[in-house]
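What follows is the residue order along each chain.
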Amino acid sequence: MRVALEEAKKAYRIGEVPVGAVVVLRGNIIATAHDLRESLNDASAHAELLAMREAAQVLGDWRLNDTTLYVTIEPCAMCAGAIVQYRVGRLVYGARNDKSGCVDSVLNILQQPKFNHRVEVISGILEEECKSIIKDFFRQIR
């Protein structure tokens, strides 16, 4: 999660919402990313999606079954859906997202029994640090 926080800080420095993500396979980092929506003019350029795309390229397979995705904030509906589609094995996130989080807060897409894949979830890792970088960012831009 510390590496994901470093990615979030990169996003913050360039004026992006400070969200960072890291994909780990068997203890090795295989992909890192941070939000780039503003830089790329792409609503789908969320840290999670960018990291999973990179991980799939590294592995040569879109199935990320044995990976763990670390992300600083609870994923939105788009990212949670992609986590299911990429078949990520485990999600570890820092802070809840009460407005648009779709793992625990607003919806629970990752444990939806009608989907063919469910994801193990661990939340609250470095929660205060993950929460404070987001709060600081939005306080600064307002």
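Above this text is the structure in question.
How each quantity is defined
Residues numbered from 1 in each chain as written. Predicted model: local features only at pLDDT ≥ 70, side-chain atom pairs only at ≥ 80, totals over all residues. Heavy atoms only, no water. Helix = DSSP H or I, 4+ residues; strand = E, 2+ residues; numbered from the N terminus. Contact = heavy atoms within 4.5 Å. Lys, Arg positive; Asp, Glu negative; His and termini not counted. Charge placed at Lys NZ, Arg CZ, Asp CG, Glu CD. Phe/Tyr/Trp six-rings, centres within 6.5 Å; stacked < 30°, edge-to-face > 60°. Buried < 20%, exposed > 50% of the residue type's maximum accessible area, 1.4 Å probe, protein only. Salt bridge = Lys/Arg side-chain N within 4 Å of Asp/Glu carboxyl O. Pairing = 2+ DSSP bridges. Axes fitted to C-alpha atoms, helices over the stretch in contact; angles between N-to-C directions.

As a further point, take the overall build of the chain. Scanning the chain from terminus to terminus reveals five helices and five strands. Listed by position from the N terminus, the elements making up the chain come as α-β-β-α-α-β-α-β-β-α. Taken over the C-alpha atoms alone, the chain extends approximately 40 × 30 × 30 Å along its principal axes. A separation threshold of at least 6 residues defines the contact pool for the chain, and within that pool the share at least 24 residues apart is 55%. Seen as two clouds, the 18 positive and the 18 negative side-chain charges of the chain have centres 3 Å apart.

This next bit is on the packing of aromatic side chains. Under the defined criterion, the tally for this structure stands at two aromatic pairs. Geometrically, the ring pair formed by Tyr12 and Phe137 is edge-to-face, given 5.6 Å between the ring centres and 70 degrees between the ring planes. Of this pair, Tyr12 sits in helix α1 (residues 2-13) while Phe137 sits in helix α5 (residues 127-141); the two residues are 125 residues apart in sequence, bridging distant segments of the chain. For Tyr12, a relative accessible area of 24% puts it in the partly exposed group. In this structure Phe137 comes out as buried when scored by relative accessible area, which is 5%. Judged by centre distance (5.1 Å) and plane angle (80 degrees), the rings of Phe137 and Phe138 are edge-to-face. Phe138 gets classed as partly exposed once you look at its relative accessible area, which sits at 25%. Here the aromatic cluster, defined as three or more aromatic residues joined through ring pairs, consists of Tyr12, Phe137 and Phe138.

What follows covers the pattern of salt bridges. As enumerated under the stated definition, the model contains nine salt bridges in all. Lys10 is the salt-bridge partner of Glu7, the closest N and O atoms lying 2.9 Å from each other. Linking Glu7 with Lys10, this pair stays in helix α1, spanning three residues, or about one helical turn. A salt bridge links Asp136 to Arg139, with the shortest nitrogen-to-oxygen separation between them at 2.9 Å. Of this pair, Asp136 and Arg139 are both found in helix α5, three residues apart, which corresponds to roughly one turn of the helix. The exposure class of Arg139 is exposed, given its relative accessible area of 57%. Taken together, the salt bridges that share partners define one network made up of Glu127, Glu128 and Lys131.

The next thing to look at is the sheet that holds strand β5 (residues 120-123). Whether parallel or antiparallel, the strands of a sheet pair through hydrogen bonds between backbone atoms. Read across the open sheet, the five strands follow the order β2-β1-β3-β4-β5; overall the sheet is mixed. What marks the edges here is a single partner per strand, and that holds for β2 (28-34) and β5. Going from strand to strand, the sheet's axes swing by 15 degrees on average, the running direction of each strand aside. Where strand β3 (residues 67-73) and strand β4 (residues 90-95) come together, five bridges link them in parallel fashion. Its bridge partner lying in β4, Val71 is registered against Tyr93. Each of β1 (20-25), β2 and β3 touches helix α3 (residues 47-59); the most contacted strand, β2, lies at about 140 degrees to it. Along the sheet, α5 contacts β3 and β4; its crossing angle with β4, the most-contacted strand, is approximately 60 degrees.

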